[in-house]
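Fold and geometry: a report
One-letter residues, chain by chain:
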Amino acid sequence: MSLGLGVRRLSILAGALVLLTACGQTTSSTTSAANAKSAADVGGMDALVTAAKKEGKLNVIALPPDWANYGAIISGFTAKYGIPIDSANPNGSSQDEVNAVQQLAGTTRAPDVLDIGMAVALANTNLFAPYKVTTWNDILDSQKEPTGLWFQDYGGYMSIGYDSSKVPAVTSLDDLLGSGFHGRVALNGDPTKANAALNGVMMTSIAQGGSPDDISKGVDFFHQLKLKGNFVPVQATTATVKNGTTPVVFDWDYLSAAHGADVPTWKVFVPNNAILGGYYAQAVNKQAPHPAAARLWMEYLYSDEGQNLWLKGLARPVRMAAMQKSGKVDSAAAAKLPPVNGTPVFLSADQATKAKDYLASHWAQAIG
Amino acid sequence: MTVATKPLVETARRPLGGGRRFSLNWLGAVPFLAYVGIFLLLPTAIVVGGAFVGPDGLTLSNLAAMNKPYIIGAFVNAVVLSAASAVIGAILGAALAYAVVTGNPKGVLRRLVVSACGVLAQFGGVTLAFAFIATIGLAGFITVWLQQHGINIYANSLWLYQLNGLVLVYTYFQIPLMVLVFLPALDGIRPQWREATESLGGATWHYWRYVAGPLLAPAFFGGMLLLFANAFSAYATAAALINQGSIIASLLIANTLTSEVGLHQPGLASALALVMVVIVAIVMVLYTVLQQRTARWLR
């Protein structure tokens with residue numbers, strides 16, 4: 001009897017010891033995950049994968065499944081690492097993401113990772129944790145914050161997409177003022193609210209003789225569209241394109257080209273005199289409830305696999321040039337990108353600020 | 001226990017307090033007061049406070065921004081839209097309610113109309129906007145069918161996606177709401193009063209001018225003001241229908257809260273909400289004044 005008891009006691013003790021060491025390991029690796037500035041800080045990729053699997057979940061926000069192939073990226077991540085993803089508010093704006101980080105801070109529902117427009121990224125760097133993905137050096141210096149608070153992910157050029165079975169071919173912006181476009185032309189959102197729409201008006205402005213410093217020509221153009229009855233004040237979505245409410249849409253070329261899946265006669269046009277580029281950025285929430293999974297997600301997005309998935313969604317991944325050099329790029333997907341001839345323009349932070357201030361006071365009047 | 005003993009102490013301390021006993025009646029109002037406090041007063045206080053807060057602390061700049069033309073425009077549009085849909089809704093709703101009341105009070109028609117109104121008065125928001133988009137929207141099936149027969153309802157302007165369109169869509173929930181709030185008042189009118197008017201030699205005109213009209217006026221205008229507030233605060237219907245320009249105040253508030261291009265200004269949103277509160281307060285004061293005047297007839 002007493003011997004049995006002794007053995008049991010011993011085994012309990014041993015169990016407790018094992019538990020203790022296990023606990024010790026978990027705490028040490030997750031604390032370092034929350035502060036890790038690279039995969040090496042956690043002890044390499046394998047350690048990061050283990051830590052992330054232990055957390056068992058990843059919260060993402062504002063990632064529409066039909067936007068830049070995010071549907072496939074989310075299921076690809078879960079398939080590869082067995083970590084389920086909770087995708088909140090898929091149609092939210094970048095500001096919605098930041099609001100969620102602030103309002104859900106400290107809860108397990110807070111977003112772990114963010115995919116945001118540059119204006120919002122620059123305004124909220126205090127919410128982000130610095131992190132450098134393994135492929136950090138492939139990202140151009142102009143496309144990342146030096147400590148890794150944010151780093152650009154994918155982008156494209158502003159374009160005019162149209163259903164060639166409903167409207168005449170578009171070869172210049174002025175075509176849109178014609179009678180064949182009555183009640184046809186839409187933006188992807190309100191330019192005082194949505195980044196894609198702001199860039200749509202800016203591209204118009206550049207094509208109409210304005211400059212990145214002057215968006216007024218674009219606002220004037222949309223005023224003309226409105227007077228002709230050609231402008232539709234509806235947010236263009238996959239649904240409105242499919243049902244024909246918005247047969248002409250100003251949008252990023254990668255989003256626009258994706259409409260071709262629903263509407264075979266969908267064409268994408270980028271005016272040669274106004275090639276306006278735009279990139280979104282990734283950031284890790286400083287208070288991420290799943291810090292290791294958040295960092296693993298970044299590693300996945302910036303791996304060749306993740307970058308090629310974006311490319312399949314017709315977005316231009318930030319490592320594309322480096323991958324073309326190394327031959328890792330999915331050349332079939334790259335060949336499907338809409339052709340662009342000319343030198344692209346990128347808005348600086350000052351130019352974006354100037355543009356939004358002008359829009360705030362003039363947009364409602366121009367199209368109201 | 002403490003609750004029960006306190007009043008005893010109070011009464012003992014003031015035995016000559018006008019001979020009144022301390023009453024526990026107020027306890028019954030506690031849930032109501034708590035409800036009003038949490039869901040009405042607290043949010044109002046947050047809005048009022050927020051209106052004076054900017055990115056760098058306390059400021060008056062949010063209120064100073066209220067004179068910008070695009071903000072004034074949004075308020076003018078909201079008032080015009082609410083007033084137009086309230087007047088149209090009140091007149092048509094009252095007429096419908098009168099038609100229902102003149103029929104059999106227990107008839108099928110009345111029961112049908114009342115329950116339909118109960119449903120339709122709540123049929124606002126995205127569902128209502130979708131119903132209009134799917135039928136007479138740009139690619140709606142009625143629009144397309146008419147186009148195939150040579151009629152383009154959007155030949156001159158895309159009116160459904162403008163203020164005019166919102167007036168039409170809003171009346172869809174305003175009329176049923178008016179029916180619901182106006183029916184009880186009509187039920188209060190007794191047929192004997194009409195008979196009395198006639199026995200005194202009055203015609204239909206005299207009856208409406210001197211008897212029914214003054215009696216129904218407070219309920220009618222009260223209903224109209226309710227419709228005004230209903231339309232003024234509506235958001236989802238307009239948001240689902242019109243995406244551009246934030247043409248009414250409630251849309252403008254949403255935009256200043258969610259803008260991702262750097263126009264995210266929670267303080268400005270609070271200031272806009274404060275102005276909305278003030279406008280509704282003015283409407284309520286007008287309503288009280290109006291009711292005091294018309295209530296004379298009911299004494």
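A quick note: this is a predicted structure, and the numbers were derived from the prediction, not measured. (Residues numbered from 1 in each chain as written. Chains lettered and ligands numbered in written order. Predicted model: local features only at pLDDT ≥ 70, side-chain atom pairs only at ≥ 80, totals over all residues.)

A few points about the overall build of chain A
The number of helices and strands found in chain A is 15 helices and 11 strands. Considered along the principal axes of its C-alpha atoms, chain A spans approximately 100 × 40 × 40 Å. Split into buried and exposed, the 368 residues of chain A put 49% on the buried side. When contacts within chain A are restricted to residue pairs at least 6 apart in sequence, long-range pairs at least 24 apart make up 71% of them. (Helix = DSSP H or I, 4+ residues; strand = E, 2+ residues; numbered from the N terminus. Buried ≥ 20, exposed ≤ 12 C-beta atoms within 10 Å, placed from the backbone. Contact = placed C-beta atoms within 7 Å.)

A short note on the overall build of chain B
In terms of regular secondary structure, chain B is built from 13 helices and 2 strands. For chain B, whose C-alpha radius of gyration is 25 Å, the value lies well above the compact-globule estimate of 19 Å for 299 residues. Across its three principal axes, chain B shows a C-alpha extent of roughly 85 × 75 × 35 Å. Counting contacts in chain B only where the partners sit at least 6 residues apart, residues at least 24 apart contribute 73% of the total. (Rg over C-alpha atoms; globule rule 2.2 N^0.38 Å.)

What about unusual backbone geometry?
The phi torsion at leucine 314 of chain A lies on the positive side, around 70°, for a residue other than glycine. Structurally, the position occupied by leucine 314 of chain A is in the loop between helix H12 (304-312) and strand E10 (316-317). Backbone geometry places serine 246 of chain B, a non-glycine residue, at a positive phi of 45°. Take serine 246 of chain B: it is sitting in the loop between helix H11 (236-241) and helix H12 (249-258). Serine 246 of chain B sits in the buried class, given 29 other C-beta atoms within 10 Å.

A closer look at the nonpolar core
If you look at the biggest cluster of nonpolar residues, it comprises 171 residues, and the most contacted ones within it are Met202, Ala283, Val284 and Trp297 of chain A together with Met178 of chain B. Element by element, the count of residues in this core is highest for helix H8 (residues 163-187) of chain B, at 12 residues. Formed jointly, this core draws a minimum of three residues from each of two domains, domain 1 (36-154 + 278-335) and domain 2 (156-276 + 338-367) of chain A. Once residues within four sequence positions are removed from consideration, alanine 283 of chain A is found in contact with Leu114, Ile116, Ala121, Phe128, Leu149 and Trp150 of chain A. (Core = buried A, V, L, I, M, F, W, Y, C linked by C-beta atoms within 7 Å. Domains from an automatic or database assignment.)

As for the environment of isoleucine 253 of chain B
Residue and element names in this part refer to chain B. You can see isoleucine 253 is positioned in helix H12. Looking at isoleucine 253, the number of C-beta atoms within 10 Å reads 21, which means it is buried. Between the alpha carbons of isoleucine 253 and glutamine 265 there is a distance of 9.3 Å; along the sequence they are 12 residues apart. Every residue in contact with isoleucine 253, bar those within four places of it in the chain, is listed here: Ala269, Leu272 and Ala273.

Some remarks on the interface of chain A and chain B
Taken together, the contacts link 34 residues of chain A with 25 residues of chain B. Looking at the side of chain A that touches chain B, the elements with two or more residues in it are helix H5 (94-103), helix H6 (118-123), helix H7 (195-207) and helix H15 (349-367) of chain A. Sorting elements by how many residues they give to the side of chain A that touches chain B places H15 of chain A first, with 9 residues.

Section: the confidence of the model for chain B
A low pLDDT score tells you not to read the predicted coordinates there in detail. Residues and elements named next belong to chain B. With 91% of its residues at a pLDDT of 70 or more, chain B has an overall mean of 86. Ranking the helices and strands of chain B by mean pLDDT puts helix H4 (residues 69-101) first, with 94, and helix H1 (residues 2-13) last, with 44. Segment residues 1-15: pLDDT under 50, and 5 contacts once partners within four positions in sequence are set aside and those in other chains are kept. (pLDDT = per-residue confidence, 0-100.)

Structural notes on helix H2 (residues 30-50) of chain B
An α-helical segment advances 3.6 residues per turn. Residues three or four places apart therefore align on the same side. Residues and elements named next belong to chain B. Taking 1.5 Å of rise per residue, 21 residues should cover 30 Å, and H2 covers 28 Å from first to last C-alpha, within 8% of that figure. The largest bend in H2 comes to about 40°, at glycine 37. Counting buried positions over the 21 residues of H2 gives 0, only a small fraction of the element. (Expected span 1.5 Å × (residues − 1). Bend = angle between axes of the 7 residues up to and from the residue.)

A word on the packing of H7 of chain A against helix H8 (residues 216-227) of chain A
Residue and element names in this part refer to chain A. It is the contact of H7 with H8, at a shortest axis distance of 7 Å, that shows an interaxial angle of 100°. Taken as axis vectors, H7 and H8 run roughly perpendicular relative to one another. Across the interface between the two elements, Val201, Met202, Thr204 and Ser205 of H7 pack against Ser216, Lys217, Gly218, Val219, Phe221 and Phe222 of H8. Across the contact of H7 with H8, the residue classes break down as 5 nonpolar, 4 polar and 1 charged. (Axes fitted to C-alpha atoms, helices over the stretch in contact; angles between N-to-C directions. Parallel < 35°, antiparallel > 145°, perpendicular 65-115°, else oblique. Nonpolar A, V, L, I, M, F, W, Y, C, P; charged D, E, K, R; others polar.)

As for the pairing of strand E3 (residues 113-116) of chain A
All names here are of chain A. Going residue by residue along E3, you find Val113 and Asp115 tucked away on one face and Leu114 and Ile116 tucked away on the opposite face as well. Of the strand pairs in this sheet, E3 and strand E9 (residues 276-285) are connected by 4 bridges, and their pairing is antiparallel. Residue leucine 114 lies in a different strand from E9, and its bridge partner there is alanine 283. (Pairing = 2+ DSSP bridges.)

A closer look at the domain arrangement of chain A
Residue and element names in this part refer to chain A. Taken domain by domain, chain A comprises domain 1 (36-154 + 278-335) and domain 2 (156-276 + 338-367). Placing the centre of domain 1 and that of domain 2 at their C-alpha centroids yields a distance of 28 Å. On the domain 2 side, the residues contacting the 13 residues of domain 1 number 15 residues.

A closer look at the packing of H15 of chain A against H4 of chain B
Closest axis-to-axis distance for the H15 of chain A/H4 of chain B pair is 8 Å, and the angle between their directions is 45°. With respect to H4 of chain B, the element H15 of chain A is oriented oblique. Contact residues: H15 of chain A offers Ser361, Ala364 and Gln365 of chain A, while H4 of chain B offers Pro69, Tyr70 and Gly73 of chain B. Looking at the contact of H15 of chain A with H4 of chain B residue by residue, the class counts come to 3 nonpolar, 3 polar and no charged.

Considerations on the confidence of the model for chain A
On average, residues of chain A score 88 in pLDDT, and 92% of them reach the 70 mark or higher. Low pLDDT (under 50) marks residues 1-30 of chain A, which in the prediction has 7 contacts with non-local residues, meaning those over four places away or in another chain.

Things to note about the environment of tryptophan 363 of chain A
When you line up the elements, tryptophan 363 of chain A lands in helix H15. A count of 26 C-beta atoms within 10 Å places tryptophan 363 of chain A in the buried class. The sequence separation of tryptophan 363 of chain A and serine 216 of chain A amounts to 147 residues, and the corresponding C-alpha distance is 9.6 Å. Apart from the residues lying within four places of it in its own chain, the contact partners of tryptophan 363 of chain A are Pro191, Thr192 and Val219 of chain A together with Gly245 of chain B.

Description of the environment of alanine 281 of chain A
Residue and element names in this part refer to chain A. Tracing the backbone shows alanine 281 in strand E9. The spacing of alanine 281 and alanine 121 is 160 residues in sequence and 7.1 Å in space, taken between C-alpha atoms. Discounting chain neighbours no more than four positions away, the residues touching alanine 281 are Ile116, Met118, Ala121, Trp150, Phe151, Gln152 and Asp153.

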